[in-house]
Amino acid sequence: MPERLTPAPKLIWQDDHYTVLLDATLGIVWNVRSSRPFASLEELEAVKGALCHCLDGLGRSRYALLVDVRAAPGRNDPSFEAAMNRIRPRWLRGFRRVGVLVQSVVGAMQIQRYARQDGIERLITSDEPALLRYLTEQG
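Draft legend 1. Structural detail: the overall build of the chain. When its secondary structure is counted, the chain shows four helices and six strands. Mapped in sequence order, the helices and strands of the chain form the string β-β-β-α-β-α-β-α-β-α. For 139 residues, the compact-globule estimate of 2.2 N^0.38 gives 14 Å, and the chain sits close to it at 14 Å. Its C-alpha atoms give the chain principal-axis dimensions of roughly 45 × 30 × 25 Å. Looking at the chain residue by residue over its 139 residues, the buried ones come to 42%. Long-range pairs, those at least 24 residues apart, make up 70% of the contacts in the chain between residues at least 6 apart in sequence. Side-chain charges in the chain split into 19 positive and 16 negative, and the spacing between the mean points of these groups amounts to 4 Å.

Laid out in structure tokens, this is it:
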């Protein structure tokens, strides 16, 4: 990895499931998912609510959003899918651009399905440098 020429991203918020970092120089908000599974749908709703509240306070339109789900445990049961369908638009809307960093082809396919369902354009890739280039492009 090349040496960083910009300051390291600043920790904005963190719980057992997500870390939110702000790289003001690049104009990117990072949402990094941990490997800890949600114990219940209620926990999922509460964590995502707190995450969205944090993002609302940053002024979404000023930033691109990078969601790193490489460590996320896979899950696609119907109740989880229904909850995510409700949550995703509030979570992802309003940013200049959205990019999702995935670990596997299966993960990319799941995120592509989500993108079709909610109509929020995003770049989905396992190539972090390409994702950073996309998120920092103007236009």
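Next comes the rest of the write-up.
Draft legend 2. Fine view of the pattern of salt bridges. Applying the stated criterion to the full structure yields 11 salt bridges. One salt bridge in this structure joins D77 and R75, with 2.6 Å as the shortest N-O distance. Take D77: its relative accessible area is 25%, and that puts it in the partly exposed class.

Draft legend 3. Broad picture of the packing of helix α1 (residues 41-56) against helix α2 (residues 78-92). In contact at an axis separation of 10 Å, α1 and α2 are set at 10 degrees when each is read in the N-to-C sense. By the criterion of interaxial angle, the relationship of α1 to α2 is roughly parallel. The segment α1 lies against α2, with L41, L44, E45, K48, G49, L51, C52, H53, L55 and D56 engaging S79, F80, A83, M84, R86, I87, R90 and W91.

Draft legend 4. The arrangement of the nonpolar core in detail. Ranked by size, the top nonpolar core spans 31 residues in total, and within it V29, L55 and W91 carry the most contacts. Those elements giving two or more residues to this core turn out to be β2 (18-23), α1, β4 (64-68), α2, β5 (98-101) and α3 (105-118). Not counting chain neighbours up to four residues away, the residues in contact with L55 comprise V20, V29, N31, R60, W91 and F95. Counting eight residues, the second-largest nonpolar core is a separate cluster that includes W30, A64, L101 and L135.

Conventions and cut-offs
Residues numbered from 1 in each chain as written. Predicted model: local features only at pLDDT ≥ 70, side-chain atom pairs only at ≥ 80, totals over all residues. Heavy atoms only, no water. Helix = DSSP H or I, 4+ residues; strand = E, 2+ residues; numbered from the N terminus. Rg over C-alpha atoms; globule rule 2.2 N^0.38 Å. Buried < 20%, exposed > 50% of the residue type's maximum accessible area, 1.4 Å probe, protein only. Contact = heavy atoms within 4.5 Å. Lys, Arg positive; Asp, Glu negative; His and termini not counted. Charge placed at Lys NZ, Arg CZ, Asp CG, Glu CD. Salt bridge = Lys/Arg side-chain N within 4 Å of Asp/Glu carboxyl O. Axes fitted to C-alpha atoms, helices over the stretch in contact; angles between N-to-C directions. Parallel < 35°, antiparallel > 145°, perpendicular 65-115°, else oblique. Core = buried A, V, L, I, M, F, W, Y, C linked by side-chain atoms within 4.5 Å.

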